[in-house]
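Letter by letter, the chains look like this.
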Amino acid sequence: MAENISQRYELRLRAHPQTLADVRRAVAARLRLWGREELISAAGMCVTELLSNVHKHAASPECVLLLENLSNGVHAAVSDTESALPVVKEPDFLSESGRGMFLLSKTADEWGTDLTPTGKTVWFTLRSEAVEP
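Just so it is clear, the model here is predicted, and its values are computed rather than measured.

Asker: So what about the pairing of strand β2 (residues 62-70)? Which residues, and what values?
Answerer: Across 7 bridges, the pairing between strand β1 (residues 8-14) and β2 is antiparallel. By the bridge assignment, E10 is partnered in β2 with L66. In terms of strand pairing, β2 meets strand β3 (residues 73-80) through 7 bridges, oriented antiparallel. Paired with E68 across the bridge in β3 is H75. Remark: 2 residues form the turn of the hairpin made by β2 and β3, two consecutive strands paired antiparallel.

Asker: Outline the pairing of strand β4 (residues 110-116), listing residues and values.
Answerer: As paired elements, β4 and strand β5 (residues 119-127) share 7 bridges and run antiparallel to each other. Residue pairing in the sheet places D114 in a bridge with T121 of β5.

Asker: Describe helix α3 (residues 100-107), and please don't skip the residues or the numbers.
Answerer: A turn of α-helix holds 3.6 residues, and therefore any two residues three or four places apart point the same way. Buried within α3 we find G100, M101, F102 and L104. Those residues of α3 that are buried are in contact with α2 (40-57), β4 and β5.

Asker: Give me the sheet that holds β5: which residues, what numbers.
Answerer: Strand order in the open sheet formed by 5 strands is β1-β2-β3-β5-β4, with antiparallel pairing between adjacent strands. Of all strands in the sheet, those bounded by a partner on one side alone are β1 and β4. Averaged over all adjacent pairs, the angle separating strand axes in this sheet is 15 degrees, with direction ignored. The sheet contacts of α2 involve β1, β2, β3 and β5, and relative to β5 the element is tilted by about 170 degrees.

Here is what the cut-offs are and how they apply
Residues numbered from 1 in each chain as written. Predicted model: local features only at pLDDT ≥ 70, side-chain atom pairs only at ≥ 80, totals over all residues. Heavy atoms only, no water. Pairing = 2+ DSSP bridges. Helix = DSSP H or I, 4+ residues; strand = E, 2+ residues; numbered from the N terminus. Buried < 20%, exposed > 50% of the residue type's maximum accessible area, 1.4 Å probe, protein only. Contact = heavy atoms within 4.5 Å. Axes fitted to C-alpha atoms, helices over the stretch in contact; angles between N-to-C directions.

Encoded structure:
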């Protein structure tokens, strides 16, 4: 039966703080389905940061979240209509904002940005520590 489970999950949404908990639950459910429970916490934090950036910095909250199950972990990407790329800066830990991309950069095994014809995609990869039998 597991062979029939899609290895890609796409969610079109409007990034808004009130929807973040629902999106985290959807990400957690998909990762559980894929047997990637150990990545739920990190993936939830990273996806939340990317969607928060769309809400704060993009002209439109419309975006697409894509999750992919890889042989050694998961890949996630958020595409929006804003061409300005996120900036990682040393955080001021007393500030209420500005730490997200720094935390993502320290949590994800890889991350990056791609300009697209309609805006940008920010992506990250989390590798699974579990060893396949």
